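# Understanding the architecture of this molecule
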Amino acid sequence: MPLISAVSEATDVALESSTTDAVAAEARAGLTAYPRTLAPWLFYDETGSRLFEQITQLPEYYLTRTERSIFAAHADEIIEHASHNGHGLPPTLTLIELGAGTATKTGILLAAAVRRQGTVVYQPVDVSVTALEAATENIRANVPGVTVRCQVADYTSQPLPENRLPNTRTLALYIGSSIGNFSPDAATAVLRNLRAQLLPGDQLLLGTDLSPGPKKKVTTILAAYNDAAGVTAAFNRNILARLNRDLGANFNPEAFAHRALWNAAESRMEMHLVSLAPQRVRIPANSAGGSLSLTFASGEGIHTENSYKFTLGRVEELLSSAAFCLTHTWQDSRHHFAVNLATAI
Ligand code: AVI
């Protein structure tokens, strides 16, 4: 398994050109469809990843803070339950993290694993080399006893690290409610892809943002996606700026308004970019096809993201659709967020 320091420049260049091809294909498919869409993975270029880090620190964006508080309160218990097998010597956990980003919250769980078993192997998986470098640095500096083995991969389709030692069990972390950015069918497919690479008894820790309820108002959710400082608006518009940078398109991102709406029927937040005036945008010819001339009417939107919010029943249903059995759920006292532990069956 390549350590991050061994990721060569050649790998970086190959990744960059395959990413540009994927951006070109996605932009063509989404912007010529009706209604127009752009897939949310397009948010996360360098600028977008930086803006997302800022979002996680906003007063309105409760998700990251709340999940971290659940880890801080229950990390030892989570690791204890994940390690438990009811008989004999408990297995040693290896932690794999899907879409690890900079792994800022993961350190709490890794420290608990080190307390329980002395040392732990941590395998963050992410498409971003920069994010993996930051994750490695962060964990090496802050959590002694952790061996970090990075993998540059798209966890939705590519295989996960495979170097299991005897009497070890995998604890896969899929936290941050990233699962909420997939449609129900795609979420099942992502978890099935993960399940296919695990053994029975392996564990999954899944972070899910919760649906509105007696203690969680829709206005709280809306504010998280429409912050007063305008960082989420900048994050949303960056998707157009990215198409300008990567594909030479000529979007004026400021000519599109950021809209965040609650879709109660689907239990999801939606983000859109709405054209403020009639306008024409050009994308030059690229690997996906000839040049595109796009006409936007005033008020016409591009749907950029869904962020599904879950009931606990829905979490259980989703997990079982991918052959996982929900065993424990930890929530904050306001029932905003849930951290769910499930066993691969
Ligand atoms: C990464 N993902 C879980 C975030 C979310 O809340 O859906 C992305 C995001 N979109 C707007 N703000 C944050």
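Residues numbered from 1 in each chain as written. Predicted model: local features only at pLDDT ≥ 70, side-chain atom pairs only at ≥ 80, totals over all residues. Heavy atoms only, no water.

### Regarding the overall build of the protein
Counting secondary structure elements, the protein contains 9 helices and 14 strands. The C-alpha atoms of the protein give 21 Å as radius of gyration, which agrees with the globular expectation for 345 residues (20 Å, within 12%). Here the C-alpha coordinates of the protein stretch approximately 70 × 55 × 35 Å along the principal axes. If you take every contact in the protein between residues at least 6 apart in sequence, the share linking residues at least 24 apart comes to 73%. Total accessible area computed for the protein in this model is approximately 15100 Å², and 55% of it derives from carbon and sulfur atoms. The distance from the centre of the 27 positive side-chain charges to the centre of the 32 negative ones in the protein is 4 Å. (Helix = DSSP H or I, 4+ residues; strand = E, 2+ residues; numbered from the N terminus. Rg over C-alpha atoms; globule rule 2.2 N^0.38 Å. Contact = heavy atoms within 4.5 Å. Areas by Shrake-Rupley, 256 points an atom, 1.4 Å probe, with all protein chains shown as cover. Lys, Arg positive; Asp, Glu negative; His and termini not counted. Charge placed at Lys NZ, Arg CZ, Asp CG, Glu CD.)

### Some thoughts on the site of the ligand
What surrounds the ligand is a group of 14 residues, the closest being Y61, N181, Y225, E305 and S307. One of the side-chain nitrogen or oxygen atoms of Y225 is found 2.5 Å away from an oxygen atom of the ligand. E305 places a side-chain nitrogen or oxygen 2.8 Å from a nitrogen atom of the ligand. When isolated, the ligand has an accessible area of 340 Å², and the protein chains bury 97% of it. Mapped onto the shell around the ligand, the elements with two or more residues apiece are α2 (46–55), α8 (231–247) and β12 (301–308). A class-by-class count of the residues in the shell around the ligand yields 7 nonpolar, 6 polar and 1 charged. (Near = heavy atom within 4 Å. Polar contact = N/O pair within 3.5 Å; in protein donor to acceptor, adjacent residues only side chain to side chain. Nonpolar A, V, L, I, M, F, W, Y, C, P; charged D, E, K, R; others polar.)

### Focus: the packing of aromatic side chains
Counted under the stated rule, the structure contains 11 aromatic pairs. Summarising the aromatic geometry, the rings of F52 and Y61 are spaced 6.4 Å apart at their centres and angled 85 degrees between planes, so their arrangement reads as edge-to-face. Note on F52: relative accessible area 25%, which makes it partly exposed. In this structure Y61 comes out as buried when scored by relative accessible area, which is 7%. Seen in terms of ring centroids, F256 and F296 are 5.3 Å apart; in terms of plane orientation they differ by 90 degrees. Their pairing is edge-to-face. Separated by 40 residues along the polypeptide, F256 in strand β8 (residues 256–263) and F296 in strand β11 (residues 292–296) bring together distant segments of the chain. One exposure class covers both F256 and F296, and it is buried. One cation-aromatic arrangement involves R36 over F296; the distance from NZ or CZ to the ring centre is 4.3 Å. (Phe/Tyr/Trp six-rings, centres within 6.5 Å; stacked < 30°, edge-to-face > 60°. Buried < 20%, exposed > 50% of the residue type's maximum accessible area, 1.4 Å probe, protein only. Lys NZ or Arg CZ within 6 Å of the ring centre and 35° of its normal.)

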